[in-house]
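# Descriptive analysis of the structure
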Amino acid sequence: GAVVSQHPSWVICKSGTSVKIECRSLDFQATTMFWYRQFPKQSLMLMATSNEGSKATYEQGVEKDKFLINHASLTLSTLTVTSAHPEDSSFYICSARRKDSSYEQYFGPGTRLTVT
Amino acid sequence: AQSVTQLGSHVSVSEGALVLLRCNYSSSVPPYLFWYVQYPNQGLQLLLKYTSAATLVKGINGFEAEFKKSETSFHLTKPSAHMSDAAEYFCAVSSNQAGTALIFGKGTTLSVSS
């Protein structure tokens, strides 16, 4: 149990376009989902926390108008990178917290975004 | 506030040798501590976690970690390294407050030579 999927696993887009990344909890309800960004050979940096049915909370320095997060249901959160630029190229990882757990997160396999 | 420090960005061992990856934490509340492993181009996989039960925690793939409050440490060990253990390892800390995200260390790359 506790499987989190991400789609797509890899996406290439042109500069100026928008890309949507989906994060799904497959076999549990997730009241909270987190979005992380990871640069090559670096640690995960938290971008935002999203709770089902409410607006996401963004970390300092993360542009909320550029990285749109929607958490419409207990099993789905989406991250949309708007007007993508090459510097947005990165590995984006989501995680989900079970409804019945206060501390443990389950991670998706990540989405590699390349902006050309 | 919470933070994690992983000592050594790169650790190299020979196959069969002891693996020791260091992690120190800072937390104003009782911490929940985690070790994750990441293989190239993959997401994070949980190795083990400390949740205030036993201080010696056993995880998958023969790894274990010991929570030492006096030293604020949660070092990861494995008695005998395998080639397949080569990966990136992350230590992370969280509080038990609902909605709190994980705080990650910078990671340690483990290389295993034959």
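Residues numbered from 1 in each chain as written. Chains lettered and ligands numbered in written order. Predicted model: local features only at pLDDT ≥ 70, side-chain atom pairs only at ≥ 80, totals over all residues. Heavy atoms only, no water.

For chain B, the count of helices and strands is 0 helices and 11 strands. Sequence-ordered secondary structure for chain B, helices as α and strands as β, is β-β-β-β-β-β-β-β-β-β-β. By the compact-globule yardstick of 13 Å for 114 residues, chain B fits well, its C-alpha radius of gyration being 14 Å. Viewed in the frame of its principal axes, chain B has a C-alpha envelope of about 45 × 30 × 20 Å. Put simply, chain B has 114 residues, and 45% of those count as buried. (Helix = DSSP H or I, 4+ residues; strand = E, 2+ residues; numbered from the N terminus. Rg over C-alpha atoms; globule rule 2.2 N^0.38 Å. Buried < 20%, exposed > 50% of the residue type's maximum accessible area, 1.4 Å probe, protein only.)

On a plain count of helices and strands, chain A comes out with 0 helices and 11 strands. Starting at the N terminus and walking to the C terminus, you meet the elements of chain A as β-β-β-β-β-β-β-β-β-β-β. Computed over C-alpha atoms, the radius of gyration of chain A comes to 13 Å, within 12% of the 13 Å expected from 2.2 N^0.38 for 116 residues, which places it in the range of a compact globule. Taken along the three principal axes of its C-alpha coordinates, chain A extends 40 × 25 × 25 Å. Looking at chain A residue by residue over its 116 residues, the buried ones come to 51%. Within chain A, counting contacts between residues at least 6 apart in sequence, those at least 24 apart form 55% of the total. Surface accessibility of chain A: about 5,600 Å² in total, with carbon and sulfur atoms responsible for 52%. Positive and negative side-chain charges of chain A, numbering 12 and 10 respectively, have mean locations separated by a distance of 3 Å. (Contact = heavy atoms within 4.5 Å. Areas by Shrake-Rupley, 256 points an atom, 1.4 Å probe, with all protein chains shown as cover. Lys, Arg positive; Asp, Glu negative; His and termini not counted. Charge placed at Lys NZ, Arg CZ, Asp CG, Glu CD.)

Relative to the assigned elements, A:Ser54 resides in the loop between strand E5 (44–51) and strand E6 (57–58). Along the primary structure A:Ser54 and A:Ala72 are separated by 18 residues, whereas in three dimensions their C-alpha atoms are 8.4 Å apart.

What follows deals with the pattern of salt bridges. All names here are of chain B. Taken as a whole, this structure holds 4 salt bridges over all chains when the rule is applied. A salt bridge links Asp 85 to Lys 78; the shortest N-O distance between them is 2.9 Å. Residue classification places Asp 85 among the buried residues on the basis of a relative accessible area of 3%. (Salt bridge = Lys/Arg side-chain N within 4 Å of Asp/Glu carboxyl O.)

Turning our attention to the interface of chain A and chain B. Opposite the 20 residues of chain A that make contact, chain B presents 24 residues. Summing both partners gives a buried area of about 1,600 Å² for chain A against chain B, and 55% of it is carried by carbon and sulfur. The interface formed by chain A and chain B contains 0 salt bridges. For the pair chain A and chain B, the number of links is 5 residue pairs in polar contact (both at pLDDT 80 or more). Those elements giving two or more residues to the side of chain A that touches chain B turn out to be strand E4 (30–38), E5, strand E9 (90–98) and strand E10 (105–107) of chain A. Looking at the side of chain A that touches chain B element by element, the count peaks at 4 residues for E4(A). Its residues assigned to classes, the side of chain A that touches chain B comprises 9 nonpolar, 8 polar and 3 charged. (Buried area = accessible area lost by both parts, 1.4 Å probe. Polar contact = N/O pair within 3.5 Å; in protein donor to acceptor, adjacent residues only side chain to side chain. Nonpolar A, V, L, I, M, F, W, Y, C, P; charged D, E, K, R; others polar.)

Let's shift gears to the sheet that holds strand E3 (residues 19–26) of chain B. All names here are of chain B. Here 5 strands make up an open sheet; going across it, the order is E1-E3-E8-E7-E6 and the pairing antiparallel. Across the chains shown, the open sheet's two edge strands, defined by having one partner strand only, are strand E1 (3–7) and strand E6 (56–58). Neighbour to neighbour, the strand axes of the sheet diverge by 20° on average, direction disregarded. Two strands pair when backbone bridges link them, and E1 and E3 are joined in this way by 5 bridges, in the antiparallel orientation. Of the residues in E3, the one forming a bridge with Val 4 is Tyr 25. (Pairing = 2+ DSSP bridges. Axes fitted to C-alpha atoms, helices over the stretch in contact; angles between N-to-C directions.)

Just distances and angles here, no functional claims.
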